[in-house]
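# Structure assessment
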Amino acid sequence: MKAAVIHGPGDLRIEELPRPSAGPGEVVLQVTGAGVCGSDAWLYRAGFDGLPAREQGPAPLVPGHEFAGVVVETGPGTTLELGELVADGAGVSCGTCARCREGRTNLCEQYRTLGAYHRGGLAEFVAVPEATCVRVAPFGVSGDDAALGQPMSIAHHGVSRGRVAEGDRVLLMGAGGVGAFAVWAAHQRGAEVTVVDTDPERLALAERLGAATTILSYPDGDLAEQLAGHGPWTVALETTGADAPLQAAFRALERGSRLVLLGMHHEPRALDLTWATYGELDLLGTQAHVCGVDLPAALDLLGRRAEGWADVAPVVLPLDRLVEDALLPLAEGRSRRVKSLIDPSGSVERPYRRDLPVPA
Ligand SMILES: [Zn+2]
Ligand SMILES: [Zn+2]
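Residues numbered from 1 in each chain as written. Chains lettered and ligands numbered in written order. Predicted model: local features only at pLDDT ≥ 70, side-chain atom pairs only at ≥ 80, totals over all residues. Heavy atoms only, no water.

## A short note on the coordination of the zinc ion (ligand 1)
Selection criterion: Here a donor is any nitrogen, oxygen or sulfur atom (N, O, S) within 2.8 Å of the metal, with 3.2 Å used for Na, K and Ca; water is not among the atoms considered, so some sites may look incomplete. Secondary structure is summarised from DSSP: a helix means a run of H or I of at least four residues, a strand means a run of E of at least two, and numbering begins at the N terminus for each. Categorising residues by exposure relies on relative accessible area from a 1.4 Å probe, with only protein chains included: less than 20% of the type maximum marks a residue as buried, more than 50% marks it as exposed, and the intermediate range marks it as partly exposed.
Of the protein atoms, only Cys 37 (SG), His 65 (NE2) and Glu 66 (OE) coordinate the zinc ion (ligand 1), at distances of 2.0 to 2.2 Å. Along the chain, the residues that donate to the zinc ion (ligand 1) are spaced as C-x27-H-E. Residue Cys 37 is located in the loop between strand E3 (26-36) and helix H1 (38-46), and its partner Glu 66 is located in strand E4 (residues 66-74); the two are separated by 29 residues in the primary sequence. A single burial state applies to Cys 37 and to Glu 66, both of which are buried.

## Quick look at the state of the cysteines
For the record, the criterion: Any cysteine sulfur atom paired with another within 2.5 Å is treated as part of a disulfide.
Applying the stated rule across the entire model yields zero disulfides. Cys 291 provides the cysteine sulfur closest to Cys 133, a residue in no disulfide bond, and the two sulfurs are 8.8 Å apart.

## Some details on H1
For the record, the criterion: Our arc is simply the arc of the directions from the helix axis toward the C-beta atoms.
Along H1, the residues that are buried comprise Asp 40, Ala 41, Leu 43 and Tyr 44. Down the axis of H1, the buried side of the element spans an arc of 160°, and every buried residue falls inside it. Looking one or two residues past H1, Gly 47 carries a phi angle of roughly 70°, positive in sign.

## Remarks on the sheet that holds strand E12 (residues 213-216)
Convention followed: Any two strands with at least two DSSP bridges between them are considered paired. Only C-alpha atoms enter the line fits that serve as axes; for helices the fit covers just the stretch in contact. Angles between N-to-C directions range over 0 to 180 degrees.
Strands sit in the order E12-E11-E10-E13-E14-E15 across an open sheet of six strands; the sheet is parallel. The open sheet has two edge strands with one neighbour each: E12 and strand E15 (282-285). Taken over all neighbouring pairs, the strand axes of this sheet differ in orientation by 15° on average, direction set aside. In this structure, strand E10 (residues 169-173) lies alongside strand E11 (residues 192-197), joined through five bridges in parallel fashion. Its bridge partner lying in E11, Leu 171 is registered against Thr 194.

## Points about the pattern of salt bridges
Spelled out, the test is: Note on definitions: salt bridges are taken to be side-chain nitrogens of Lys or Arg within 4 Å of carboxyl oxygens of Asp or Glu.
Going through the model one piece at a time under the given rule, you end up with 20 salt bridges. Note that Lys 339 and Glu 66 form a salt bridge whose closest N and O atoms lie 2.8 Å from each other. Placement of Lys 339 in the loop between helix H10 (322-331) and strand E17 (340-343) and of Glu 66 in strand E4 is noted, with a sequence separation of 273 residues between them. Among the ionic pairs, Arg 350 bridges to Asp 343, the shortest N-O distance being 4.0 Å. Each member of the pair, Arg 350 as well as Asp 343, is classed as buried.

## Quick notes on the coordination of the zinc ion (ligand 2)
Under perfect tetrahedral coordination by four donors, a metal shows angles of 109.5 degrees; under perfect octahedral coordination by six donors, it shows angles of 90 or 180 degrees. To keep it simple, the criterion reads: For a four-donor site, all angles between 85 and 135 degrees give tetrahedral; for four or six donors, opposite pairs above 155 degrees with the remaining angles between 65 and 115 give square planar or octahedral; all remaining cases count as irregular.
For the zinc ion (ligand 2), the protein coordination sphere consists of Cys 94 (SG), Cys 97 (SG), Cys 100 (SG) and Cys 108 (SG), at 2.3 to 2.4 Å. Viewed at the metal, the four donor atoms of the zinc ion (ligand 2) are separated by angles of 103 to 119°, and the geometry they form is tetrahedral. The sequence pattern formed by the donor residues of the zinc ion (ligand 2) is C-x2-C-x2-C-x7-C. By relative accessible area, which is 8% here, Cys 97 ends up buried.

## Observations concerning the packing of aromatic side chains
The cut-off we apply is this: In this analysis, rings of Phe, Tyr and Trp, with Trp reduced to its six-membered ring, are considered paired at centre separations within 6.5 Å, and the interplanar angle assigns stacked below 30 degrees, edge-to-face beyond 60, and tilted for intermediate values. Either the NZ atom of lysine or the CZ atom of arginine qualifies as a charge over a ring when it sits within 6 Å of the ring centre and within 35 degrees of the ring normal.
Tallying each qualifying case throughout the model produces two aromatic pairs. Summarising the aromatic geometry, the rings of Phe 181 and Trp 309 are spaced 6.1 Å apart at their centres and angled 25° between planes, so their arrangement reads as stacked. Residue Phe 181 is found in helix H4 (residues 179-188), and its partner Trp 309 is found in the loop between helix H9 (291-303) and strand E16 (315-318); the two are separated by 128 residues along the sequence. Accessibility classification places Phe 181 together with Trp 309 in one group, the buried group. A centroid spacing of 5.7 Å and a plane angle of 85° characterise the contact between Trp 184 and Trp 309, whose relative ring orientation is edge-to-face. You can see Trp 184 sitting in helix H4 and its partner Trp 309 sitting in the loop between H9 and E16, a full 125 residues away along the chain. Owing to a relative accessible area of 7%, Trp 184 belongs among the buried residues under this scheme. Through pairs of rings, three or more aromatic residues link up here, namely Phe 181, Trp 184 and Trp 309. When the ring centre of Phe 125 is taken as reference, the NZ or CZ atom of Arg 19 above it lies at 4.2 Å. Positioned over the ring face of Tyr 117 is Arg 112, at 4.0 Å from the centre of the ring.

Dropping the structure here:
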């Protein structure tokens, strides 16, 4: 089978690997679509050493943690049926540690990811624990929409951490690979969502996804000034990982509200915590998502958009275009698509499709 293999920083090759087989509790998926995001771009640039120690697994390193596929082989002790289309959440947890027993499987002591420690979905076939899969059919989801399950699940986890509910005024910083999904997730809970981004096309998409207000920010502009008169907000979702949006969101919150950190801040940040103290703000971290809770909810959210997701993921690329047309544009901050999808079995680019033929 064809697979993407990362050999070192900036060195990703499309190679032939043996097709995996299903061990106990596992199924083999023929991947129908795999999404690419900023973490993949980071991994492509940094290579194996870019992974946290716990995620450094046995070679080869096959990326891809946002994927869907059709079950083509089932291992002992599984219940999925051959031919079913499933979304995979990519988070593997032990099921027995204290956090797992609380239902917070994303904080498992042994938490490891498909597409990092384990081989991921940027390959024609992938062996996955059945526990990471959710059948998509009951949610009215089909075709390429299934491959959007994991990023929507991340967004759902963030919105849940922020306890977003009807009547909330949500400030969303960044309408990209997480933010676009978060607009829909917050809007569907009845919140009034304000979206801030530097890209007018992304803001137009955010409006189609339910944003009540969009604010075009300028990279060197004064964000606090641009937000003045629009707030305050009861929840802020920070997806950019940049300092200025974090600072602006922190200052623009109502008393007693929540700041949810979805973007990865690689640098220490200076926040005036007297405001967090006197304002009784909740600062909430997020770690991936809880497969068993967030992924079904994400599929429900995806299925509720009658027109589908072609505006978020307009094209599906073959594996040999992965670097040039998906990873490099992301790594260099010039990607024109919110989500790039790859069909590892495909040989040519094709448009997004709601219905895909089930592989024979
Ligand atoms: Zn991702
Ligand atoms: Zn555990």
